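# Structure at a glance
Take a look at the letters that make up each chain.
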Amino acid sequence: MRRLALPLALLLLAGPARAWRLWGEPSDKKIRPVQALADARRPAEVLAALTPDFVQTLRGTDLRQAYILKGDSLDHLGRVDEALGVYQLGVKLFPGNVDLLTRQGDLLHRNGLDDQARTLYLKAIVHEPKHFGAHLGLAEIDRRSGFLDRSASHYEAALETLDGRADVWRAYAETLLAQRDWTTGDLAIARAISLDPKNADGHVLTAFARRAQGDMTGALAALDDALALGADAGARRAKALWLVEAGRPAEALAEADRVLKDSPGDGAALWARARAQLLLGRGAEALRDLVPLTTPARADFASRAARGLRDAIAAPAEAR
Amino acid sequence: MIRRAAAACLAALIAVPASAALDLSADALLRDHLWREVRQAPSGRRPRVGLVLSAGSLRGVAHVGVIQALEDAGFPIDLVAGTSMGAVIGSMYAAGMTPKRLRDFATSINVGSGNNLSSSSLISLLLFDKLLSSENTEIMLRKNIGGIRFDQTLKPFACVSMDVYTGEAIIFRDGDVAKAVRASMNLPGIFRPLEYRHRFLVDGGVVDYIPVDAAKLLGAEWTIASVTETDYTTSRPENVLESLLQVIDIRGSYLSREQRKQANFLIEPPVGDIGMFEDHRIVEAIDKGAVIAASRLEAAKESLILASISRLSAGWSAKGAKAE
């Protein structure tokens, strides 16, 4: 007991400013009404409530929370520059606060400033090694930067806390599939589907995993599952192209037509139609399907590829 | 325990964006579909892809990051050509070293690697014009890839050097790899010209900074070049050695203006501010190479797909499909 008393006394004598560490930061609970406004998603009213005079009366956790609420509200209202300024000031005042660090990091990351965001996330992890927000931010940045192994490690760290989040499991699975780690990728997808069985994204991911492993039948079946759950036109588009890959041109034509019904200029569907026509030995029809894609006004990838295919079909075989 | 439970509850409630979902846009799906065809294409159904690694002294370690990103993406590389540091990294890659081993190698090098740099040799260089020897480059290479010859590499490889007496660019495609790479990395004014095959050879960066021609000589029909030029506008040489290197870099930069146009696709790691002696920035250079390559990957894929369509399409008709 005496051994404990001395350090405690020293800590108290070291300065009253640090003494709160023993029983928590001071709070007058003045921020609570403003927090209620933020919880009710009324950012304009939060900003109106956080007047400079009011903020001056705050201390400890209340003051820190005021910066978070102000930054969040500005961000919600699309005033990104101002939000960044508030977070920066907050981080200067509370350099060890992981919430402020990660919020500033998120804002920078969302705006493509990944290098600066990375620094903030890493600082947050120093203060709180298991901070899921920081790990998630780093996972995304590393994935975008091509460091797939690092990205997977950060997803794993985030998932220690976010174990129940299907979207995080899917993002993790995508990274594993990009690394061609099929076994762990399949497990991650299975976990995402078990958490959120009615979400089509998990089945789309399964389809990509199956196709990457050469199981086209399984891939198309997974796409059907996704479509049954209401997956959007993307899944149907993928199905049209993959049916071409599977050498099933009649079905590819039908699937492409379904996409084109809602979106007549869809590049992938038009391409799938043209390829299916070629497989059926109908070169003239293929050229006709490429016409909407090869208009000079279009500059997307589908149209550039279509021009190449049109020229190749039109050129005599021996010229290739 | 309570804290952990609270964190779990908070995590379930807070809308943390996990990541952008799979891109199922028309362009992304079509690119993915055609990329699969390019990767699976039998020989002759797509252009032969040549990876060209530029000169660039220490900055050239950024090539390791570029190779890592290309390998991770399954980018087909059929052959490799390099000059100077590009030749060192390229020879090891062509010999079969994995990106991880390349990274381990690159992070282990320092200013003294590949030469006999020491206080006494530096004094000899400055006071008595006694040039250094690049023999350690050869030893270092033999340690990593053994005494292999050009015809024994896993991917065809070529590297470029210059005959200091004739000014000719010498493209090595046969013989001993380590010796040729040493010649390619033999900085003039610092290392003694290497006498090899009746020629006196110095660094190829002086005449062939981005050796697209060497890749084409090996049979490349589509080239992707990693270029690690210096940004000489920001560097201020403070001694004889730095001035000499600056002049070589400026000369290389003039040369590369034309050579850039010959490559089908360029990846330029932003390492221009990394000096020859800044070996503490090697990891940074490698990472910059990986990041820029990852960001350019989709564009590189599109470029190769478009260059491949005319050949790929030969197998897309009913007749072509049957023939396959």
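For the structure, see preceding data.
Residues numbered from 1 in each chain as written. Chains lettered and ligands numbered in written order. Predicted model: local features only at pLDDT ≥ 70, side-chain atom pairs only at ≥ 80, totals over all residues.

### Re the overall build of chain A
Along the backbone of chain A there are 20 helices and zero strands. With 320 residues in all, chain A has 46% of them scored as buried. In chain A, once contacts between residues fewer than 6 apart in sequence are set aside, the share between residues at least 24 apart is 43%. (Helix = DSSP H or I, 4+ residues; strand = E, 2+ residues; numbered from the N terminus. Buried ≥ 20, exposed ≤ 12 C-beta atoms within 10 Å, placed from the backbone. Contact = placed C-beta atoms within 7 Å.)

### Description of the overall build of chain B
The helix and strand tally for chain B stands at 12 helices and eight strands. Across the 324 residues that make up chain B, the buried fraction comes to 46%. Looking at chain B alone, contacts between residues at least 24 apart form 77% of all its contacts between residues at least 6 apart.

### Here we look at the pairing of strand β2 (residues 79–83) of chain B
Residue and element names in this part refer to chain B. With five of its five residues buried, β2 lies for the most part within the structure. Burial along β2 is two-sided: L79, A81 and T83 facing one way and V80 and G82 facing the other are all buried. Where strand β1 (residues 49–53) lies against β2, four bridges are found, and the strand directions are parallel. Paired with L51 across the bridge in β2 is V80. Read as a crossover between parallel neighbours, the route from β1 over helix α3 (residues 62–72) to β2 is right-handed. As paired elements, β2 and strand β3 (residues 157–163) share four bridges and run parallel to each other. Looking across to β3, one finds that T83 is bridged to V160. (Pairing = 2+ DSSP bridges. Right-handed = clockwise from strand over helix to strand, strands pointing away.)

### Considerations on the environment of G219 of chain B
Residue and element names in this part refer to chain B. As for its placement among the helices and strands, G219 is situated in the loop between α9 (212–217) and β7 (222–226). The spatial distance from the C-alpha of G219 to the C-alpha of P156 is 9.3 Å, given a sequence separation of 63 residues. Those residues in contact with G219 that sit more than four places away from it in its chain are R48 and L79.

### Some words on the nonpolar core
The nonpolar side chains of soluble globular proteins are, as a tendency, buried together. In terms of nonpolar packing, the biggest core is built from 179 residues, with Y172, L223, A268, A272 and A305 of chain A together with L30 and V52 of chain B touching the most fellow members. Per-element tally for this core: the top contributor is helix α11 (residues 282–312) of chain B, with 12 residues. Discounting residues that sit within four places of it in the chain, Y172 of chain A has contacts with A152, Y155, L159 and A188 of chain A. (Core = buried A, V, L, I, M, F, W, Y, C linked by C-beta atoms within 7 Å.)

### Overview of the interface of chain B and chain A
Counting from both sides, the interface comprises 35 residues of chain B and, opposite them, 48 residues of chain A. Looking at the side of chain B that touches chain A, the elements with two or more residues in it are α1 (2–13), α2 (26–40), α3, α11 and α12 (318–323) of chain B. In terms of residue count, the dominant contributor to the side of chain B that touches chain A is α11 of chain B (10 residues). Of the residues in the side of chain B that touches chain A, the class split is 25 nonpolar, five polar and five charged. (Nonpolar A, V, L, I, M, F, W, Y, C, P; charged D, E, K, R; others polar.)

As far as function goes, none of this settles anything; it's purely spatial.
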